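The lines below spell out each chain.
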Amino acid sequence: VEEALRITEKSGGEAVGFCIGPERSEAAIRSALAMGLSRAVWIAEPAAAEADVITQSRILAAAIKGAVWIPMPGTGHFPMTEDYPTMKRFLMPVLEEIAARQGG
């Protein structure tokens, strides 16, 4: 949350939180809003909260305007640190597409 707020301070826009979780997630969402998020999207359906991480990631991607779910097999749990070269192969085409849409 803190990093999202720093980014929006520098570049504008809004910081929006997304959460999949049961009723006990409400406290975390309220805390994030109190820290300064513009708004939050809370997906509280039990089936979503109990789903596997792949299904949850697809649900979150569907909830985020403009998001695209991209599977990255073989990148591990923390691809930025575990296997950056493999993750970069998946990430760079996405970043290039975004830059092309923005004219840069």
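Of regular secondary structure, the protein chain possesses six helices and two strands. Listing the helices and strands of the protein chain from first to last along the sequence gives α-β-α-β-α-α-α-α. The dimensions of the protein chain, computed from C-alpha atoms along their principal axes, are 40 × 35 × 25 Å. Residue burial in the protein chain is summarised as follows: out of 104 residues, 18% are buried. With the model as given, the accessible surface of the protein chain reaches about 7700 Å², and the carbon-plus-sulfur share is 58%. Charge separation in the protein chain, taken as the distance between the mean sites of 10 positive and 13 negative side-chain charges, equals 5 Å.

Bringing the side chain of Thr86 into the picture now. Mapped onto the elements, Thr86 comes out in helix α6 (residues 84-101). The class of Thr86 is buried, set by a relative accessible area of 12%. A polar contact of 2.6 Å, which involves the side chain of Thr86, links it to the side chain of Asp83. Those residues in contact with Thr86, other than ones at most four positions away along the chain, are Pro73, Gly74 and Thr75.

The next thing to look at is α6. Compared with an ideal rise of 1.5 Å per residue, which puts 18 residues at 26 Å, α6 spans 25 Å between its outermost C-alpha atoms and is within 8% of the ideal. Remark: the principal bend of α6, roughly 35°, maps to Phe90, with a proline, Pro93, within the next four residues. In the stretch just after α6, Gly103 is the one whose phi turns positive, near 80°.

Okay, the packing of aromatic side chains next. Aromatic ring pairs are described here by two measures, namely the spacing of the ring centres and the angle between the planes. Considering all chains together, one arrives at zero aromatic pairs under this definition. Sitting over the ring of Trp69, Arg58 keeps its end group 3.9 Å from the ring centre.

Attention shifts here to the pairing of strand β2 (residues 39-43). Successive residues of a regular strand alternate their side chains across the two faces of the sheet. The sheet contact formed by strand β1 (residues 16-20) and β2 spans five bridges and is parallel. Pairing of Phe18 across the sheet is with Val41, part of β2. Where the polypeptide runs from β1 across helix α2 (residues 26-35) and back to β2, its parallel neighbour, the crossover connection is right-handed.

Mapped onto the secondary structure, Thr8 falls in helix α1 (residues 2-11). Overall, Thr8 belongs to the buried group, its relative accessible area being 18%. In this view, Thr8 contacts Gly13, Glu14 and Ala15; residues no more than four positions away in its chain are not counted.

As a further point, take the environment of Gly13. Positionally, Gly13 belongs in the loop between α1 and β1. The exposure class assigned to Gly13 is exposed, which follows from its relative accessible area of 74%.

Before going further, it helps to spend a moment on the confidence of the model for the protein chain. Across the protein chain, pLDDT averages 88, with 98% of residues at or above 70. Element-level mean pLDDT values for the protein chain span from 73 in helix α5 (residues 79-82) up to 95 in α2.

Calculation notes
Residues numbered from 1 in each chain as written. Predicted model: local features only at pLDDT ≥ 70, side-chain atom pairs only at ≥ 80, totals over all residues. Heavy atoms only, no water. Helix = DSSP H or I, 4+ residues; strand = E, 2+ residues; numbered from the N terminus. Buried < 20%, exposed > 50% of the residue type's maximum accessible area, 1.4 Å probe, protein only. Areas by Shrake-Rupley, 256 points an atom, 1.4 Å probe, with all protein chains shown as cover. Lys, Arg positive; Asp, Glu negative; His and termini not counted. Charge placed at Lys NZ, Arg CZ, Asp CG, Glu CD. Polar contact = N/O pair within 3.5 Å; in protein donor to acceptor, adjacent residues only side chain to side chain. Contact = heavy atoms within 4.5 Å. Expected span 1.5 Å × (residues − 1). Bend = angle between axes of the 7 residues up to and from the residue. Phe/Tyr/Trp six-rings, centres within 6.5 Å; stacked < 30°, edge-to-face > 60°. Lys NZ or Arg CZ within 6 Å of the ring centre and 35° of its normal. Pairing = 2+ DSSP bridges. Right-handed = clockwise from strand over helix to strand, strands pointing away. pLDDT = per-residue confidence, 0-100.

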